[in-house]
Structures are given as structure tokens and as C-alpha cells.
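Observations on the model geometry
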Amino acid sequence: LEQDAGFGLFYRDKGRLSPTPEALMLYEDVDLAFGGLERIDALVRDIAVFNAGTLKIVAPPSLSEGVLSTILTGFIEKYPKVRISIDSRSTETAKAMVVNRTADCGFAKLPLNRPEIATELLSSTDTVCVLRGDHPLARHEILTPQLLSGQPLIQLGKGSWTRTRIDDAFKSAGLLPDVKLETHTVGSAVAFAGKGLGIAMVNGLMARHFGRADTVIRVFRPQILHQYVFMTSALAPMNRLARAFLEESKIFFANEPTAGG
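Read on for an overview of the structure. In this text, all values refer to a predicted model and were calculated from it rather than measured experimentally.

Conventions and cut-offs
Residues numbered from 1 in each chain as written. Predicted model: local features only at pLDDT ≥ 70, side-chain atom pairs only at ≥ 80, totals over all residues. Heavy atoms only, no water. Helix = DSSP H or I, 4+ residues; strand = E, 2+ residues; numbered from the N terminus. Contact = heavy atoms within 4.5 Å. Areas by Shrake-Rupley, 256 points an atom, 1.4 Å probe, with all protein chains shown as cover. Lys, Arg positive; Asp, Glu negative; His and termini not counted. Charge placed at Lys NZ, Arg CZ, Asp CG, Glu CD. Expected span 1.5 Å × (residues − 1). Buried < 20%, exposed > 50% of the residue type's maximum accessible area, 1.4 Å probe, protein only. Arc of directions from axis to C-beta. Polar contact = N/O pair within 3.5 Å; in protein donor to acceptor, adjacent residues only side chain to side chain. 1 Å grid on protein atoms, 1.4 Å probe; cavity = no way out; pocket = protein on both sides within 12 Å on 5 of 7 lines; lining within 4 Å. Points joined across faces, edges and corners; volume = space filled by probe spheres on them. Pairing = 2+ DSSP bridges. Right-handed = clockwise from strand over helix to strand, strands pointing away.

**Considering the overall build of the protein chain**
Within the protein chain, the regular secondary structure consists of ten helices and twelve strands. Within the protein chain, contacts between residues separated by at least 24 positions form 76% of all contacts whose residues are at least 6 apart in sequence. Accessible surface for the protein chain amounts to roughly 13900 Å². Of this, 56% is attributable to carbon and sulfur atoms. Counting 29 positive and 28 negative side-chain charges, the protein chain places the centres of these two groups 4 Å from one another.

Below, the structure is given as C-alpha cells:
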């Protein structure tokens, strides 16, 4: 590949290889290409065995570590011979995997803005605040930018749609959020809140599944919703296993409360 490309892909030092920046740029697309080959192989096996096969799911890390385990329990009870592959990727890569069908299905948050993706809304939940039970603000059932002013906050997803809405809510109140800690998963945010490092502002659905005995959950207002969808490629019909998994997901989310508290 180096010979064809005309540039180096690895640094060579004392018998060791380290990827160059150019190699890292190529890695994501190469990985997706190999995923396509794996899907062809899985399809052949599915046809041969009929009621067996592999279902490849792509989901955000917080969902994979939380509610997905409950959904899979019911699904595997009904389809015990099915193999499950769960992948956690960046939002853009996850969408690309669903579009080109290297993943059969996936979960994502709105907005998606991809006409090549077919979606079905599963859940709409509030943004909530997770804080220690002995925190002075725990006596309030609803927390607002005014009440949170000056409080150390733990937030996720810098630059994301939800984070922008939170910043806008504070701005509309003439305030700036005091973000002391940024992290990438709801589980870690809740854990940090339990240690008293700040107040975590997270998805209410995930907060309940990562809840701790030393924390409480309070709804944030103005309302900022987290809307999760089930996504498949709009360029091809949904396969049998993905359809069955969608139905199992609907059962789970239908029994989940929609409010934050």
C-alpha cells in the first residue's frame, strides 16, 4: 500500500512499527471496509443455518453500558442461537455504518440529519441533574439555571446539540454555567456527582440506570429532551433479526418513565 500510495504509512524504529498520521486517516475507512466483508460472511452463515445468524448493533457507550443489557436479555431468550456484536463508535461513524450496512441497526440521539437513515422514535426523556442526597439543592424537585448558578457542574458532549441547549438555557437567564468537569459517559458523570465533585447534567433515562444510593435525581428546567431512535439503512429493507430486535427495544422503552425524576 505504501508503494501504491507513494508515501509512508509507518515509522520504523529498531524493528518496531508506529502508524503515521496518514495511516490513522486511512484506518477508519479500512475498518468499515472490513466490516462490510464480515457482513457478507455472516449473511452466508445465516442463509445456511436459517434461524441463526449475527446481529451487529452500534450504540453510544452510555447506552451499551446501561439499558442495552436489559433489552438484550429479552431478545436472547427469544433468539438463543443468534450471535450479537455490539460496537460503540462516534456518532458520525455509527451513522455511516448503518447507511452502508456494516451494522444491521443502531441507536442514536436526534437530530440525525441523514435521509439515508430510517428511524423510529423509542424514547424522549428529560435532562436531569444528579447530585448527592445531602447537597443543599436536593430539597428542590426542579432545578433551574438560577438555582444552579455558581454551582460546579459536570457535563458531557462539548459541542453537542444537547450541550448547546444547556448553554442556551443559562444564557437566556443571563448566566454562565460553571462547568468544573467534563466527561464522555453518563456512568462516569454520575459517579463523579456521587463523590461530591459537582452536579451532573445528564439524560434522565441513563441517570436512572446508573443511579447510586448516595445520589438523587432532579429534573432540569427549561425542558431539554433527549430523543433516542432506532436506526437502520433507508437504502434496503430491514432484515428479520433487526426487526425482531426493534420490537424487543419497543417493549423495553414502553415500560420506561419519560420524566426525569
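**Quick look at helix H7 (residues 161-172)**
What sets the pattern is the α-helix's 3.6 residues per turn: residues three or four places apart point alike. Its twelve residues give H7 an end-to-end C-alpha distance of 16 Å, which sits within 8% of 16 Å, the value for a rise of 1.5 Å per residue. Every buried residue of H7 is accounted for by Thr162, Arg163, Ile166, Ala169 and Phe170. Buried residues of H7 fall within an arc of 115° about the axis and therefore sit on the same side. Facing away from the buried side of H7, by more than 90 degrees, are the exposed residues Lys171 and Ser172.

**Observations concerning unusual backbone geometry**
The peptide bond linking Leu110 to Pro111 adopts the cis configuration, its omega dihedral lying at 0°. By the secondary structure assignment, Pro111 is in the loop between strand E5 (105-109) and strand E6 (117-132). Of note, the amide linkage connecting Arg221 to Pro222 takes the cis form, showing an omega dihedral of 15°. Summarising the element assignment, Pro222 is placed in the loop between strand E11 (215-220) and strand E12 (225-233). The phi torsion at Arg101 lies on the positive side, around 65°, for a residue other than glycine. Relative to the helices and strands, Arg101 resides in the loop between helix H5 (91-99) and E5.

**Digging into the side chain of Thr183**
In this structure, Thr183 sits in strand E9 (residues 179-183). A polar side-chain atom of Thr183 sits 2.6 Å from a polar atom in the side chain of Ser188. With residues near it in sequence (within four places) discarded, Thr183 still touches Ile154, Gln155, Leu156, Gly157, Ser188, Ala189 and Phe192.

**Describing helix H8 (residues 186-194)**
The element H8 is extensively covered by neighbouring structure, given that seven of its nine residues are classed as buried. Residues Val186, Gly187, Ser188, Ala189, Val190, Ala193 and Gly194 constitute the buried set of H8. Once H8 ends, the next one or two residues include Gly196, with phi positive near 80°.

**Observations concerning empty space enclosed by the protein**
Unfilled space is identified by rolling a water-sized probe across the atoms. Under the counting rule described, the total for this entry stands at one cavity of 30 Å³ or more. Lining of the largest cavity is provided by Arg39, Arg101, Ala103, Asp104, Thr232, Ser233, Ala236, Pro237, Met238, Asn239 and Ala242.

**Some details on the pairing of E9**
In this structure, strand E8 (residues 153-156) lies alongside E9, joined through four bridges in parallel fashion. Bridge pairing links Leu153 to Val179 in E9. Note that the unit made of E8, H7 and E9 has a crossover that is right-handed.

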